[in-house]
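Structural overview for review
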Amino acid sequence: MKKLLFTLAFALAVTALNAQTLIKANFQKGDQATYESVADIKLSVPMAGNSESIKTNSKTKIIVKDATADGYVIEMTTTNMKMEGNQEVVQQTGNMLNQYLSNVPMLLKTDANGKVKDLLNYTEVQTKVSKFAMAFIDSLYKAKPEMEKTLPKYKMAMSTNSLLTKESFIESAENNSFFILFGKTLKTGDKEDMNKQGIKTSVTYEVNKEPNALNIIGKIKGNMTEDDVKAFFIDKMKQMGADEAMVSKLDANWEQMKKMGMAKMDLDGTSTTKLLNTGWATEYSTDMKTKMMGMEMTINTVTKLVEKSWK
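Not measured: the values here are computed from a predicted model.

Scanning the entire structure with this criterion turns up 12 salt bridges. Taking the shortest distance from any N to any O, the salt bridge between E192 and K184 comes out at 2.8 Å. The exposure class of E192 is partly exposed, given its relative accessible area of 23%. Classification of K184 by relative accessible area gives buried; the value is 15%. Residues E255 and K258 are paired through a salt bridge, measuring 3.8 Å at the closest nitrogen-oxygen approach. Note that E255 and K258 are positioned in helix α10 (residues 254-259) at a spacing of three residues, about one turn of the helix.

Written out as structure tokens, the structure reads:
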């Protein structure tokens, strides 16, 4: 009898350990929270002995405008964006959209779990972000007029505007918040393939329950083949306004780049999120290291809850 009870208890424990948890929001209309994010970015080229670093600081305010059985309407606004360091480094990290979105409220529609499904004020957001982007490009070419010879300003402007899609804004909102977890059903050991801005990764999760919170850790590994890496760089060149001649030059030099070990991308990282039972995060962070094209880049971001409307 004792053996049977022990076996049953052990089976129940194993079942609980492997039980999947649906990650969902349980917000109330009128809820408000403000988060402060600090990011340290370092970019180095060991072969050339060059290195750059920047630090960004910002606040994001999230307001639950409506809450129904079908989902939520969320206003998300990033403000107080400050940066120390080289603007060109930010551009190379692919982080410029975050800069353009500063002080632009996004009105997001989610499903019942909190998964973002739509951007209700897309036209307004696109218009404001386009204006900020063009102002940045003007300042960039004014500071470095020689860029016009290799990459005409109008091509960069056209390319930048083509990136300002509803999908890219939703992706930015999710990737820079804990909303990216909503709608997932997870347990420790689960693995998920993800694609962020053309970079393919796999994430292995660890889920730990506390009485009033959930800790979710993601171990991130790069999942890029040689063809993926080549397509990624060509896509980024086109996004920057490169013409077919510049793309053909990369294609012609690809075998030489392979011999130099520059035709691959290595990525390792960890994400950590602590969610209350209400779905609000108290803290979330990412620590990423990427090696590509002879460059090494590390990005460490820590976001903490600094103001809230609930007790």
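Take the packing of aromatic side chains next. The full count for this structure, using the stated rule, is 15 aromatic pairs. A ring pair is formed by F27 and F182, whose centres lie 6.0 Å apart and whose planes are at 75°; its orientation type is edge-to-face. In this pair, F27 is assigned in the loop between β1 (21-22) and β2 (32-45) and F182 in the loop between α7 (166-175) and β7 (185-186), connecting sequence segments 155 residues apart. For the pair F27 and F182, a shared accessibility class is recorded, and that class is buried. Three or more aromatic residues link up through ring pairs in this structure, and these residues are F27, Y35, Y72, F178, F179, F182, W280, Y284 and W310.

Two faces make up the sheet, and in a regular strand the side chains alternate between them. Summarising the sheet, strand β8 (residues 191-196) and strand β9 (residues 199-209) pair through six bridges and their orientation is antiparallel. Note that in β9 the partner of D193 across the bridge is S202. Adjacent in sequence and paired antiparallel, β8 and β9 are bridged by two residues, among which Q197 carries a positive phi angle near 55°.

Now for the side chain of T34. Among the structural elements, T34 can be located in strand β2. Judged by relative accessible area, T34 falls into the buried class, the value being 9%. When neighbours within four sequence positions are excluded, T34 is seen to be in contact with K59, T60, K61, K304, L305, V306 and E307.

Attention now moves to helix α6 (residues 153-162). Among the residues making up α6, those that are buried are M156, A157, S159 and T160. Buried residues of α6, viewed axially, fall in a sector of 165°; they line one side. With respect to the buried face of α6, the exposed residues turned more than 90 degrees away are Y154 and M158.

Procedures and definitions
- Residues numbered from 1 in each chain as written.
- Predicted model: local features only at pLDDT ≥ 70, side-chain atom pairs only at ≥ 80, totals over all residues.
- Heavy atoms only, no water.
- Salt bridge = Lys/Arg side-chain N within 4 Å of Asp/Glu carboxyl O.
- Buried < 20%, exposed > 50% of the residue type's maximum accessible area, 1.4 Å probe, protein only.
- Helix = DSSP H or I, 4+ residues; strand = E, 2+ residues; numbered from the N terminus.
- Phe/Tyr/Trp six-rings, centres within 6.5 Å; stacked < 30°, edge-to-face > 60°.
- Pairing = 2+ DSSP bridges.
- Contact = heavy atoms within 4.5 Å.
- Arc of directions from axis to C-beta.

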